[in-house]
Amino acid sequence: MKKVILRARAKINWVLDVGEKRPDGYHEIETIMQSINLWDIVTLEKAEAGVSLSSTVRNIPLDSRNIAWKAAMMVKEKFDIRAGVRINIRKSIPVAAGMAGGSADAAAVLIGLNHLWDLGMTNEEMIDMGKALGADVPFCLQGGSALAKGIGEKLTSLRLGRPIWLVVINPPIRVSTRQIFKLWDELPRESVKRPDAARMISALSKGDIREVGEAMGNVLESVTASLHPQILDIKDRLIGYGALNSLMSGSGPSVYGIFENKHKAKKAAGLMKKSGRVFVVNTSKKGIEFVGES
């Protein structure tokens, strides 16, 4: 085998609660994450030596600053692999959007190299490597629906009773995750409305989409919206066009709305085209998926 091709799916957060900052610089979180059918295509091809990276977009680094490159180097060093790999990322997931696009690509590299080089890593071993790369990588390795605690590495798989249609809007806004968490640390805790993860877990399991809408919550949304009020405008418009509810994903700036069916989602998406990049997607039980090898 010389080449493997994988889908690396984006995620949204049904709920996101953030605790205090840890000594290692990360924050304790409690979040419910969900894979969606929006993906990058990651191709890994054997090479004689080194790690090279290419992409269909120009706004990501193609060197040691890229988390997918770091994932490949981590595998090479862990297993003392002298061979090299060429990585190509065909991007569809928006960059720096709160949808774990980079983390999904890194997860695909870990899974893909495990297969390409026949390394025999377990899921637990890959998750352990993934958490050293980024807080969202462990979830991207697992995919589906999951409750995540710690910095995101303590995962519990959840049942999703029915697929849910979403409209995802990625506005042309640059958000600094570091700045958002810095502002969060300065926020009076008594002013924070905490989401109810237990209620969301029950709603997802029952497939009760209306209760899913009522249980959605993200403590970082008000922080990011204080800098970028258009996020609240997008939320209001999605709800006005038929979304049962709308929420910012991660630290932003992407916003999604949930809809009763595909028809209503597509109709709303057509009315939101001026708000940024618009995607009509549904939920997925998979995160990383092999689509080819040769």
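From a predicted model like this one, the values you see are computed outputs, not experimental measurements.

## As for the pattern of salt bridges
Tallying each qualifying case throughout the model produces 20 salt bridges. Among the charged side chains, a salt-bridge network with shared partners connects R7, R9, K286 and E289.

## Let's talk about the sheet that holds strand β7 (residues 165–170)
Read from one edge to the other, the open sheet built from four strands follows the order β9-β10-β7-β11, with strand pairing classed as antiparallel. Two strands in the sheet have a free side with no partner beyond their single neighbour: β9 (245–248) and β11 (277–282). With strand direction ignored, the average angle separating the axes of adjacent strands in the sheet is 20°. By the bridge criterion, six bridges tie β7 to β11 in an arrangement that is antiparallel. Residue pairing for β11: V167 is matched across the bridge by V280.

## Side note on the layout of surface pockets
The volume enclosed by the largest pocket comes to roughly 1,600 Å³. Looking at the largest pocket, it is lined by 47 residues, and the ones nearest its centre are S103, A135, D136, T177 and S251. Taken as a whole, the second largest pocket spans an internal volume of roughly 300 Å³. Around the second largest pocket sit 16 residues that line it, and K193, R194, P195, M216 and G217 are the ones nearest its centre. Mapped by element, the contributors of at least two residues to the lining of the second largest pocket are α7 (209–215), β8 (217–218) and α8 (221–227). Counted by class, the lining of the second largest pocket contains six nonpolar, four polar and six charged residues.

## Here's the deal with unusual backbone geometry
Most peptide bonds take the trans configuration, and most residues that are not glycine carry a negative phi. Cis geometry marks the peptide bond from G252 to P253; its omega dihedral reads 5°. Within the secondary structure layout, P253 lies in the loop between β9 and β10 (255–259). Not every positive phi belongs to a glycine, and D80 is a case in point at roughly 50°. Relative to the assigned elements, D80 resides in the loop between α1 (67–79) and β4 (84–90). Even without being glycine, D118 reaches a positive phi, approximately 50°. Checked against the element boundaries, D118 lands in the loop between α2 (101–116) and α3 (123–133). On the basis of relative accessibility, which here comes to 68%, the residue D118 falls in the exposed class.

## Quick notes on the side chain of T31
Mapped onto the elements of the fold, T31 is located in strand β2 (residues 27–47). Within the structure, the side chain of T31 is placed 2.6 Å from the backbone oxygen of V15, a separation counted as a polar contact. If we skip the residues at most four places from it in the chain, T31 touches N13, V15, L16, A146, L147 and A148.

## Some thoughts on helix α6 (residues 197–206)
For α6, the full list of buried residues reads A197, M200, A203 and L204. Summarising the axial view, the buried residues of α6 lie within an arc of 120°, below the 170-degree limit, and thus occupy one face. Across α6 from its buried face, at more than 90 degrees, point the exposed residues A198 and K206. Close packing links the buried residues of α6 with β1 (3–21), β2 and α7. A side-chain oxygen of the first residue of α6 lies 3.2 Å from the backbone nitrogen of A198; this N-cap is D196.

## Looking at the nonpolar core
Of all hydrophobic cores here, the largest spans 37 residues; its most connected members are L44, I87, V109, L110 and L113. Contributions of two or more residues to this core are made by β1, β2, β3 (51–55), α1, β4, α2, α3 and α4 (137–142). Considering every element that reaches this core, the biggest residue donor is α2, with nine residues. Formed by 29 residues, the second largest nonpolar core is a distinct cluster that contains I12, L160, M200 and M216.

Calculation notes
Residues numbered from 1 in each chain as written. Predicted model: local features only at pLDDT ≥ 70, side-chain atom pairs only at ≥ 80, totals over all residues. Heavy atoms only, no water. Salt bridge = Lys/Arg side-chain N within 4 Å of Asp/Glu carboxyl O. Pairing = 2+ DSSP bridges. Helix = DSSP H or I, 4+ residues; strand = E, 2+ residues; numbered from the N terminus. Axes fitted to C-alpha atoms, helices over the stretch in contact; angles between N-to-C directions. 1 Å grid on protein atoms, 1.4 Å probe; cavity = no way out; pocket = protein on both sides within 12 Å on 5 of 7 lines; lining within 4 Å. Points joined across faces, edges and corners; volume = space filled by probe spheres on them. Nonpolar A, V, L, I, M, F, W, Y, C, P; charged D, E, K, R; others polar. Buried < 20%, exposed > 50% of the residue type's maximum accessible area, 1.4 Å probe, protein only. Polar contact = N/O pair within 3.5 Å; in protein donor to acceptor, adjacent residues only side chain to side chain. Contact = heavy atoms within 4.5 Å. Arc of directions from axis to C-beta. Core = buried A, V, L, I, M, F, W, Y, C linked by side-chain atoms within 4.5 Å.

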